[in-house]
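A look at the structure
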Amino acid sequence: MVVLLAVTLCTGLLAACALFPFGAWAVVIGAPLVASSATMLAGGLLAWRTIKRDRRRRALEAQTGVMVAALRDVTHQAEAMSPAPKVVQRRLGA
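Quick summary incoming for the structure in this document. In this text the structure is predicted, and so the values were computed from the model without any measurement.

**Remarks on the overall build of the chain**
Tallying secondary structure elements over the chain gives two helices and zero strands in all. On the principal axes, the C-alpha backbone points of the chain span a range of 90 × 35 × 10 Å. Going through the 94 residues of the chain one by one, you find that 11% of them count as buried. Accessible surface, the chain as shown: approximately 8,400 Å² in total, 71% of it carbon and sulfur.

Structure below.
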């Protein structure tokens, strides 16, 4: 929201400065239109970046889940094939 507000204010002021030589009506009509358009573009860009980041994050989470499952399978296979007896560790002082 802060980014959108900053975009709106900055583009509105820049448009007002650029349109000032053409008259007060040009500033009154043009500056809000330019500021609104720039805010819509900035909002679209922020939404696009967020969607792109979420897709990447979901893909990484899926890959992580597959790797964890593969490691669990390997661990279970190693435990089943291990000839060494399982040792239970006890805490001292307990």
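Text resumes after the structure shown.
**A word on the pattern of salt bridges**
For the structure on display, the rule yields one salt bridge. A salt bridge links arginine 57 to aspartate 54; its shortest N-O distance comes to 3.4 Å. Of this pair, arginine 57 and aspartate 54 both sit in helix 2 (residues 24-81), three residues apart, roughly one helical turn.

**As for a nonpolar patch on the surface**
On the surface, Trp25, Val28, Ile29 and Leu33 cluster together into a nonpolar patch covering about 490 Å² of accessible area. By the element assignment, tryptophan 25 lies in helix 2. Classification of tryptophan 25 by relative accessible area gives exposed; the value is 67%.

**A short note on the environment of glycine 12**
Secondary-structure assignment places glycine 12 in helix 1 (residues 2-19). Of the residues examined, glycine 12 reaches a relative accessible area of 13% and is grouped as buried. In this structure, the C-alpha to C-alpha distance between glycine 12 and alanine 38, residues 26 residues apart in sequence, is 8.9 Å. Setting aside residues no more than four positions away along its own chain, glycine 12 makes contact with Ala31 and Ala35.

**Re the packing of helix 1 against helix 2**
Two elements in contact, helix 1 and helix 2, have axes separated by 8 Å at closest approach and are oriented at 145 degrees. The handedness of the crossing between helix 1 and helix 2 is right-handed. Along its contact with helix 1, which presents Val3, Leu4, Val7, Thr8, Thr11, Gly12, Ala15, Ala16 and Leu19, the element helix 2 presents Ala26, Val27, Gly30, Ala31, Val34, Ala35, Ala38, Thr39, Ala42, Gly43 and Leu46. For the contact of helix 1 with helix 2, the residue count by class is 14 nonpolar, six polar and no charged.

**Overview of helix 2**
Relative to the 86 Å expected for 58 residues at 1.5 Å per residue, helix 2 spans 85 Å between its end C-alpha atoms, a close match to the ideal helical length. When the local axis directions of helix 2 are compared, the greatest deviation, roughly 30 degrees, occurs at glycine 30, which is followed within four positions by the proline proline 32. Residues of helix 2 that are buried: Val27, Gly30, Ala31, Ala35, Ala38, Thr39 and Ala42. Packing partners of the buried residues in helix 2 comprise helix 1.

The rules behind the values
Residues numbered from 1 in each chain as written. Predicted model: local features only at pLDDT ≥ 70, side-chain atom pairs only at ≥ 80, totals over all residues. Heavy atoms only, no water. Helix = DSSP H or I, 4+ residues; strand = E, 2+ residues; numbered from the N terminus. Buried < 20%, exposed > 50% of the residue type's maximum accessible area, 1.4 Å probe, protein only. Areas by Shrake-Rupley, 256 points an atom, 1.4 Å probe, with all protein chains shown as cover. Salt bridge = Lys/Arg side-chain N within 4 Å of Asp/Glu carboxyl O. Patch = residues over 30% accessible without salt bridge, like charges linked within 9 Å, V, L, I, M, F, W, Y side chains within 5 Å. Contact = heavy atoms within 4.5 Å. Axes fitted to C-alpha atoms, helices over the stretch in contact; angles between N-to-C directions. Left-handed = near helix turned anticlockwise from the far one by under 90°. Nonpolar A, V, L, I, M, F, W, Y, C, P; charged D, E, K, R; others polar. Expected span 1.5 Å × (residues − 1). Bend = angle between axes of the 7 residues up to and from the residue.

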